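# Survey of secondary and tertiary structure
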Amino acid sequence: MKWIKDRMIEWQLKRKLQLKEAKEIKIPEQFRCIGILANSESEFLETKEVVRELWSYKVRIIGLFYSEEPSRLIEAFSSQHFTFWGHPSDYFNEFKLENMDFILVPSLHLNPYLRYLLLENQSGFKIGFYSKENEPYLDFMLGQDEEDLGSNVHHLLDYLKKIKEAC
């Protein structure tokens, strides 16, 4: 059954990428709400920790991570949260409808479910690390310099701050 969902989500992704329109990218004056989409619980928690370190509780964080195993965190989701036809369930309404200042993607290789959610959200700015796979989905990418995810996320957010100050 999961393989059918996988095929349907891939088909939905291709369709959405073809319909994707060019948009104007604006960096907000002040960050109030940040989204995080990660491949695993550890990536999600480490990225969330870096964001809290930089902005404390001055920003609201809405995030999701993919996990096929049950998790104690409400941010976890799996293929079960998608319909047979590859559409997201009501579980994702807040993430899809929330207009976040930017969405941070700490993963180099996103699974199809995460890519679909990234395309579904209407936020104006999506950032992450460079990989050929992420290129059509992200607006601002930076190469990973080090092995440590925390320091890479820190560098990415520092560059975003510098760009915001320059604009």
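Right above here is the structure, for reference.
Summary of the structure given here. As the structure is a prediction and not an experimental result, all values here were calculated from the model.

Attention now goes to the packing of helix α2 (residues 41-55) against helix α5 (residues 149-166). Contact geometry for α2 and α5: axes closest at 9 Å, N-to-C directions at 45°. Viewed along their axes, α2 and α5 adopt a mutual orientation that is oblique. At the point where α2 passes α5, the crossing takes the right-handed sense. When α2 is examined against α5, the residues E43, E46, T47, V50, V51, E53, L54 and W55 are found in contact with a partner set consisting of L149, G150, V153, H154, L157 and K161. Among the residues forming the contact of α2 with α5, the class breakdown is 7 nonpolar, 3 polar and 4 charged.

This brings us to the environment of P28. Relative to the helices and strands, P28 resides in the loop between α1 (2-19) and β1 (33-38). Those residues in contact with P28 that lie beyond four places of it in its chain are D101 and K164.

Read across the open sheet, the 6 strands follow the order β3-β2-β1-β4-β5-β6; overall the sheet is parallel. In this open sheet, the two edge strands, each paired with only one partner strand, are β3 (76-77) and β6 (140-142). Bridging between strand β4 (residues 102-105) and strand β5 (residues 126-129) involves 3 bridges; their strand directions are parallel. Among the inter-strand pairings, V105 is bridged to a residue of β5, identified as G128.

Time to look at the side chain of S151. If you trace the backbone, S151 turns up in helix α5. Here S151 falls in the buried class, since its relative accessible area comes to 16%. Separated by 3.1 Å, the side chain of S151 and the backbone oxygen of D148 make a polar contact.

Counting 25 residues, the largest nonpolar core has V51, W55, F102, L104, I127 and L157 as the members making the most contacts within it. Secondary structure elements with two or more residues in this core: β1, α2, β2 (60-66), β4, β5, β6 and α5. Sequence-distant contacts of F102, defined by excluding residues within four places in its chain, comprise F31, C33, I34, G35, W55, F125, I127, L157 and L160.

What follows covers the packing of aromatic side chains. Counting across every chain of the model gives 14 aromatic pairs. Measuring from centroid to centroid gives 5.4 Å for F31 and W55, while their planes differ by 75°, and the two rings are edge-to-face. Taken together, the residues span a long stretch of sequence, with F31 in the loop between α1 and β1 and W55 in helix α2 at a distance of 24 residues. For the pair formed by F31 and W55, the shared burial category is buried. On the basis of an interplanar angle of 75° and a centroid distance of 6.1 Å, the ring pair of F82 and Y116 is categorised as edge-to-face.

Calculation notes
- Residues numbered from 1 in each chain as written.
- Predicted model: local features only at pLDDT ≥ 70, side-chain atom pairs only at ≥ 80, totals over all residues.
- Heavy atoms only, no water.
- Axes fitted to C-alpha atoms, helices over the stretch in contact; angles between N-to-C directions.
- Helix = DSSP H or I, 4+ residues; strand = E, 2+ residues; numbered from the N terminus.
- Parallel < 35°, antiparallel > 145°, perpendicular 65-115°, else oblique.
- Left-handed = near helix turned anticlockwise from the far one by under 90°.
- Contact = heavy atoms within 4.5 Å.
- Nonpolar A, V, L, I, M, F, W, Y, C, P; charged D, E, K, R; others polar.
- Pairing = 2+ DSSP bridges.
- Buried < 20%, exposed > 50% of the residue type's maximum accessible area, 1.4 Å probe, protein only.
- Polar contact = N/O pair within 3.5 Å; in protein donor to acceptor, adjacent residues only side chain to side chain.
- Core = buried A, V, L, I, M, F, W, Y, C linked by side-chain atoms within 4.5 Å.
- Phe/Tyr/Trp six-rings, centres within 6.5 Å; stacked < 30°, edge-to-face > 60°.

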